[in-house]
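The primary structure of each chain is shown beneath.
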Amino acid sequence: MEMEVRGAGLMVSPLGGKQNLRMAHFLKPACIQHPESDHLPKTLFSEAAISLSQTLSSQTRFTGWLTPQEQWNTWEENLRSKYENVWRNAGILEAIKASTYRIPRSHDLVLGLAQKWYPETNSFIFAWGEATITLDDVMICGGHSVVESYVFTPLKDKESKLMEQRLDEVRRKLIKTKAKKATHVSWLRHFMEEEEEGELEHVAFLSLWLSRFVFPPIISKQNFSIALHLARGTRIALAPVVLASIYRDLTLLKGKFDEAIKSEAYKRDHECGLSAKSIILRAPFQLVQIWAFERFPAFHLKSNIIEYAQPLTAKWHKVKMLNYGDVSLALDSSAKSFLWQPYKDSPKLYNEKDRWVCFNNSDSHEDLESFARCLRHSQLVGIDCIEMYLPHRVAMQFALDQDIPEKVARCKENNPEIAWRNYDSPMTEAMLCIAAVAASSTLEPSVTYKYLEWWKQSKLGASEQHGLISKPIKFSEKLSQISPEMGSSLHRDQTGNNSDQDHGSAIEKLQKRSQSRN
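All of these numbers come straight from a predicted model, not from anything done at the bench.

**So, the overall build of the chain**
Secondary structure summary: the chain contains 20 helices and 10 strands in total. The buried share among the 518 residues of the chain stands at 56%. Here the analysis covers contacts within the chain between residues at least 6 apart in sequence; of these, 81% occur between residues at least 24 apart. Roughly 22,900 Å² of accessible area belongs to the chain as shown, and the carbon and sulfur atoms make up 49% of that amount.

Put into structure tokens, the structure is as follows:
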């Protein structure tokens, strides 16, 4: 990862308009001298995709989008009183708290987003620009860590291996019941009702949490190993694994849309009322919907007020769903309201009363390193996949400017251990400096004029000329009903000083954001 700082140059809003002459900051790889046609985002858009949403909705199974069980919150509360510091050290305290909330599902919204997914770049391609779910989103919305140990780190000590064996014995015992498998309900009841206490109960709790809310939906021996590390306070980088699974399933869902549009057989089956094979999505897709709620204010009327020490997920607990109508059109009509940096104006994450004043402690360096990790392109190692992560394509989400994104080649080996070593390579001072500049920026990010022209040349750019962006949508008027804390984000001050500020300012902002997770 590099950053290019250019002298005074012409910058423009992604919506076009007046050009500004100012210094700009870009993530590298950023610019190519002669853009080739294969660098342009191409995706399949069709009116047929809209009509297919309802049919695919009935066929899509969100096995990774699970709500807390009846006794889960009680179990979580009991164990948090004993192990809160352990969970904090392991970087999972906020994520565990998040598992106690219920996020209502909107099939229309999720499927509408999937229509905009572009697998080659792992990003959403809207009529007005490119955006995606980043490691920063998974870290803030999901509470997962982006740094520290590898998820597949093996157990070494004898005590841990014996504990793993005891848990596996319980799993095999439950498989012999009428259910023929270790269900989440039977696992919870066994450890809550059999009076299993101490470390075994703690690891069993973490195993269920991993199996239900992080790597759903199966209780597996692999999760026992991860749970044992977490129970000892070892921090595991769960964010890249979670994000890889989300990318994988968005690609799967988009592929089903494309197949359905192209397939005459599918059309015949649909007309005859025949059912197609179910689409199984195992990733925690509630994060996709939370991402949409945070960035598209028009998709919700009012969010909950977050109280101190609550995770961001609480903001969307049991929130009322809207009737979105044509989601695809709504997304393409949201150029002016889309929030590139929704978290920076959150009163919860940036509360002056909770302002941190120490800049040089170990926590501050960890916050800066975590944010720097979110800015570096890499390959994300998932449980059963490796996915490309390309933040330089969505630099405005990190308060940096956007130029034509360069194509990044995938590692030829496609080896998870090599991919992890590259992801986990040490952060240099230069990388931390980039993160400091991004975190300290007070400017509204812009694009180069060259980027704007490049975008218009794409297939998607043609839709803008056909009036897609300006065409009114049914629920656009709901913008005026947005809650005050979200509405304030739509009217940011676009004036500011140069973003070259010291690390202290950057760390201060990152600390205020991360305090809510601790």
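**As for the sheet that holds strand β4 (residues 117-118)**
Sheet architecture is open: three strands sit in the order β4-β5-β6, paired in antiparallel fashion. Single-partner strands in this sheet number two, and they are β4 and β6 (129-131).

**So, the nonpolar core**
Grouped together as the largest cluster of nonpolar side chains are 134 residues, with contacts concentrated most on W187 and W209. Discounting residues that sit within four places of it in the chain, W209 has contacts with W72, I92, A95, I96, S99, H144, V214, L230 and L238.

**Observations concerning helix α17 (residues 449-457)**
Those residues of α17 that sit buried are Y451, L452, W454 and W455. End-on view of α17: buried residues confined to an arc of 160°, all on one side of the axis.

**Focus on the packing of aromatic side chains**
Applying the stated criterion across every chain, the model contains 31 aromatic pairs. One aromatic cluster is present, formed by W117, F124, F126, W128, Y247, W291, F296, F299, F338 and W340 through successive ring pairs. The ring of W65 has R105 sitting right over it, with the charged end atom 5.2 Å from the ring centre. When the ring centre of Y423 is taken as reference, the NZ or CZ atom of R373 above it lies at 5.4 Å.

**Quick word on the side chain of R393**
Tracing the sequence through the fold places R393 in the loop between β9 (386-389) and α15 (416-423). Exposure remark for R393: the relative accessible area of 6% places this residue in the buried category.

**Some words on the environment of N85**
Mapped onto the elements of the fold, N85 is located in helix α2 (residues 72-90). C-alpha separation for the pair N85 and G233, spaced 148 residues apart in sequence, amounts to 8.5 Å. Polar side-chain contacts of N85 include one of 2.9 Å to the side chain of R88.

**Details of the packing of helix α6 (residues 158-175) against helix α7 (residues 184-193)**
Between α6 and α7, the least distance of the axes is 11 Å, while the angle of their chain directions is 125°. Accordingly, the angle class assigned to the pair α6 and α7 is oblique. Handedness of the crossing formed by α6 with α7: right-handed. Touching L167, V170, R171, K173 and L174 of α6 are S186, W187, H190 and F191, all from α7. For the contact of α6 with α7, the class distribution of residues is five nonpolar, two polar and two charged.

**So, the pairing of strand β5 (residues 123-126)**
Neither face of β5 is left uncovered, since the one carrying S123 and I125 and the one carrying F124 and F126 both have all their residues buried. Taken together, β4 and the strand that follows it, β5, pair antiparallel across an intervening segment of four residues, in which N122 is found at a positive phi of about 50°. Across three bridges, β5 lies against β6 in antiparallel orientation. Bridge pairing links F124 to A131 in β6. Counting the residues that bridge the hairpin from β5 to β6 gives two residues.

**Some points on the pattern of salt bridges**
Scanning all chains against the criterion turns up 17 salt bridges. In this structure, the salt-bridge partner of D384 is R248, at a minimum N-O distance of 2.7 Å. Of this pair, D384 sits in the loop between β8 (378-381) and β9 while R248 sits in helix α10 (residues 239-262), placing them 136 residues apart in sequence. According to the relative accessible area criterion, R248 is buried, its value standing at 16%. With a closest N to O distance of 3.2 Å, R373 and E369 form a salt bridge. Residue R373 and its partner E369 are both found in helix α14 (residues 362-375); the two are separated by four residues, about one turn of the helix.

**Structural notes on the environment of H377**
Mapped onto the elements, H377 comes out in the loop between α14 and β8. Remark: the alpha-carbon pair of H377 and P391, spanning 14 residues in sequence, is separated by 5.9 Å.

**With respect to the confidence of the model for the chain**
Where the model shows low pLDDT, its predicted coordinates should not be examined in detail. Per-residue confidence for the chain gives a mean pLDDT of 80, with 75% of residues at or over 70. When pLDDT is averaged over each helix and strand of the chain, the minimum, 31, is found for helix α19 (residues 484-487) and the maximum, 97, for helix α3 (residues 93-98). Scored below 50 in pLDDT, residues 460-503 makes 85 contacts in the model with residues more than four places away or belonging to other chains.

**Description of the pairing of β8**
Along any regular strand the residues' side chains alternate between the sheet's two faces. In β8, alternate side chains face the same way, and those of S378 and L380 on one face and Q379 and V381 on the other are all buried. Here four bridges tie β8 to β9, and the two strands are oriented antiparallel to one another. Directly across from L380, in β9, lies its bridge partner E387.

**What to know about the packing of α6 against helix α9 (residues 221-231)**
Packed helices, taken two at a time, are described by their axes: the angle between them and the distance between them. The contact between α6 and α9 brings their axes to 10 Å, and the two run at 140°. Relative to α9, the element α6 is oriented oblique. Relative to α9, the crossing made by α6 is right-handed. Residue-level contacts link S160, M163, E164, L167, D168 and R171 of α6 to K221, F224, S225 and L228 of α9. Its residues assigned to classes, the contact of α6 with α9 comprises four nonpolar, two polar and four charged.

**Looking at the side chain of H202**
Counting through the fold element by element, H202 comes out in helix α8 (residues 199-214). Taking relative accessible area as the criterion, H202 reaches 1% and is therefore assigned buried. Excluding anything up to four places from it in sequence, H202 contacts L79, Y83, V86, W87 and A231.

**Re helix α16 (residues 429-440)**
Here α16 is 12 residues long and its end C-alpha atoms lie 16 Å apart, about the 16 Å a rise of 1.5 Å per residue gives. Among the 12 residues in α16, nine count as buried, and that is most of the element. Those residues of α16 that fall on the buried side of the exposure criterion are M431, L432, I434, A435, A436, V437, A438, A439 and S440.

Here is what the cut-offs are and how they apply
Position labels on residues start from 1 in each chain and follow its written sequence. Totals for whole chains, interfaces and linings use every residue, but because this is a predicted model, local features are given only for residues with pLDDT of at least 70 and side-chain atom pairs only at 80 or more, for both listing and counting. With hydrogens and water set aside, each side-chain value is computed from the structure's full complement of heavy atoms. Counting from the N terminus, the helices are the DSSP runs of H or I reaching at least four residues and the strands are the DSSP runs of E reaching at least two. Accessibility here uses a 1.4 Å probe with only protein chains present; expressed as a share of the type maximum, an area under 20% marks a residue as buried, one over 50% as exposed, and anything in between as partly exposed. By the convention used here, residues are in contact when the closest approach between their heavy atoms is within 4.5 Å. Computed with a 1.4 Å probe, the accessible areas rest on the Shrake-Rupley method; for each residue, only the protein chains presented here act as cover. Strand pairing is defined by DSSP finding a minimum of two bridges between the two strands. Throughout this description, the term nonpolar core refers to a set of buried Ala, Val, Leu, Ile, Met, Phe, Trp, Tyr and Cys residues connected via side-chain atoms within 4.5 Å. Along the arc lie the directions from the helix axis toward the C-beta atoms. Only centres within 6.5 Å qualify two rings of Phe, Tyr or Trp (six-membered ring in Trp) as a pair; their planes then separate them into stacked at under 30 degrees, edge-to-face at over 60, and tilted for everything else. Whether a charge sits over a ring depends on NZ of Lys or CZ of Arg being within 6 Å of the ring centre and within 35 degrees of the ring normal. The definition of a polar contact used here is a pair of N or O atoms within 3.5 Å, where within protein one atom must be able to donate a hydrogen and the other to accept one, and adjacent residues in sequence count solely through side-chain atom pairs. Each axis is a line fitted through C-alpha atoms, taken for helices only over the stretch in contact, and angles between the N-to-C directions span 0 to 180 degrees. Just so you know how the angles are binned, under 35 degrees is roughly parallel, over 145 roughly antiparallel, 65 to 115 roughly perpendicular, and the rest oblique. For any helix crossing, the convention is left-handed if the near helix is rotated counterclockwise from the far helix by under a right angle, and right-handed if that rotation is clockwise. Residue classes follow a fixed rule: Ala, Val, Leu, Ile, Met, Phe, Trp, Tyr, Cys and Pro count as nonpolar, while Asp, Glu, Lys and Arg count as charged, and any other residue, Gly among them, counts as polar. For this document, the term salt bridge refers to a Lys or Arg side-chain nitrogen within 4 Å of an Asp or Glu carboxyl oxygen. As a per-residue measure, pLDDT tells how confident the predictor is, with possible values from 0 to 100. Each helix should span, by expectation, one fewer than its residue count multiplied by 1.5 Å.

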